[in-house]
Amino acid sequence: MTTDPLVSTEWLAAHMGDANVKIVDASFKLPGVLPLPKDDYLAAHLPGAVFFDVDAVSDHSNPLPHMFPSVEQFGRDVGNLGIGNSDTVVLYDAGGWVAAPRAWWMFLSYGHGNVRILNGGLKKWRAEGRPTESGEVEPKPATFTASYDANRVRSMQQLIANLESRKEQVIDARAADRFEGRAPEPRPGIRSGHIPGARNVPYNLLFDAATGEMKPLEDLRAAFTNAGVKLDAPIVTSCGSGVSAGVLTLALYRLGITDTALYDGSWSEWGQAGGPAIATGPA
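Residues numbered from 1 in each chain as written. Predicted model: local features only at pLDDT ≥ 70, side-chain atom pairs only at ≥ 80, totals over all residues. Heavy atoms only, no water.

Quick one: what's the story with the pattern of salt bridges, residue by residue and with numbers?
Taken as a whole, this structure holds 15 salt bridges when the rule is applied. The closest approach of N and O atoms between Asp172 and Arg174, which form a salt bridge, is 2.8 Å. The same class applies to Asp172 as to Arg174, namely buried. Each of the salt bridges in this network shares a partner with another, and the network as a whole consists of Glu10, Lys124, Glu128, Arg130 and Glu213. (Salt bridge = Lys/Arg side-chain N within 4 Å of Asp/Glu carboxyl O. Buried < 20%, exposed > 50% of the residue type's maximum accessible area, 1.4 Å probe, protein only.)

Any chance you could break down the packing of aromatic side chains for me, citing the residues and the numbers?
Tallied over the entire structure, the rule returns 11 aromatic pairs. When the ring of Phe52 is compared with that of Phe107, the centres are 6.1 Å apart and the planes differ by 45°; the resulting orientation is tilted. Residue Phe52 is located in the loop between β3 (50–51) and α3 (71–80), and its partner Phe107 is located in helix α4 (residues 100–109); the two are separated by 55 residues in the primary sequence. Phe107 sits in the buried class, given a relative accessible area of 0%. For the ring pair Phe107 and Phe144, a centre distance of 6.3 Å and an interplane angle of 90° mean the geometry is edge-to-face. Placement of the pair is Phe107 in helix α4 and Phe144 in the loop between α5 (121–127) and β6 (153–154), with a sequence separation of 37 residues. Per residue, the accessibility class of Phe107 equals that of Phe144, and both read buried. Each residue in the set Phe52, Phe68, Phe74, Phe107, Tyr110, Phe144 and Tyr148 is aromatic and connected to the rest through ring pairs, giving one cluster. (Phe/Tyr/Trp six-rings, centres within 6.5 Å; stacked < 30°, edge-to-face > 60°. Helix = DSSP H or I, 4+ residues; strand = E, 2+ residues; numbered from the N terminus.)

For the sheet that holds strand β5 (residues 115–118), give the residues involved together with the corresponding values.
Across the sheet, 5 strands lie side by side as β1-β5-β4-β2-β3; this open sheet has parallel pairing. Looking at which strands have only one partner, the edges of the open sheet turn out to be β1 (6–7) and β3. Across 3 bridges, the pairing between strand β4 (residues 88–92) and β5 is parallel. Within β5, the residue paired with Leu91 across the bridge is Ile117. (Pairing = 2+ DSSP bridges.)

Here it is as structure tokens:
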């Protein structure tokens, strides 16, 4: 295996029969978008793939959407998907709304380094005429012992402190009109705008919409530098609810910047009425 988090459809097709390769559909959609990701999964998924529900594998005591769960819950939920600590996990999503990177960062944050993302996801897989299957996959439960690396995640309190220190750059993955406060947020009651001082790199700039594949490294580098991001300084990624921020995290990781952090609450937390200061307009 290479250190690149991405694997090709050719690689996965050649290794699908390996007993220790576990394929996981981590598709996600914004609230209210139908059909639900689980229904899409039941209709068509890669052979043998189990479904990773980011809303289920989350802290249910927290009213914010899909916040990181306890280390015990993550281990239990992942073990119930048939994944053990010695397995190679290959995540994919539908290839349009890019969500697999969020699950990838969760696996890394909970101590599982042997995790990859299928470049192009289901979109590229199907375009190449590769097989899919329908219905539920019933995995044999496994034992997954998780450990938690808090350095990979940031809280609102840490980012409020960062407003003064400016030790870390905050990069927002939302579309420019949401970042600048020109468009309403998809979640009701959330203010429009961005964290003061944040930069904006919309996640869709990092992917080829036609194929679902991630763009070449030089294009990824240009997207960040053109947005005023210093690639040699500390970085925190953010978005609407901590999902598409993972796309920025993945792109940075592929550029060799592996020590970033993700703001789990993201704008669904910061943008609440009565929350911290916000900014509008371009970065």
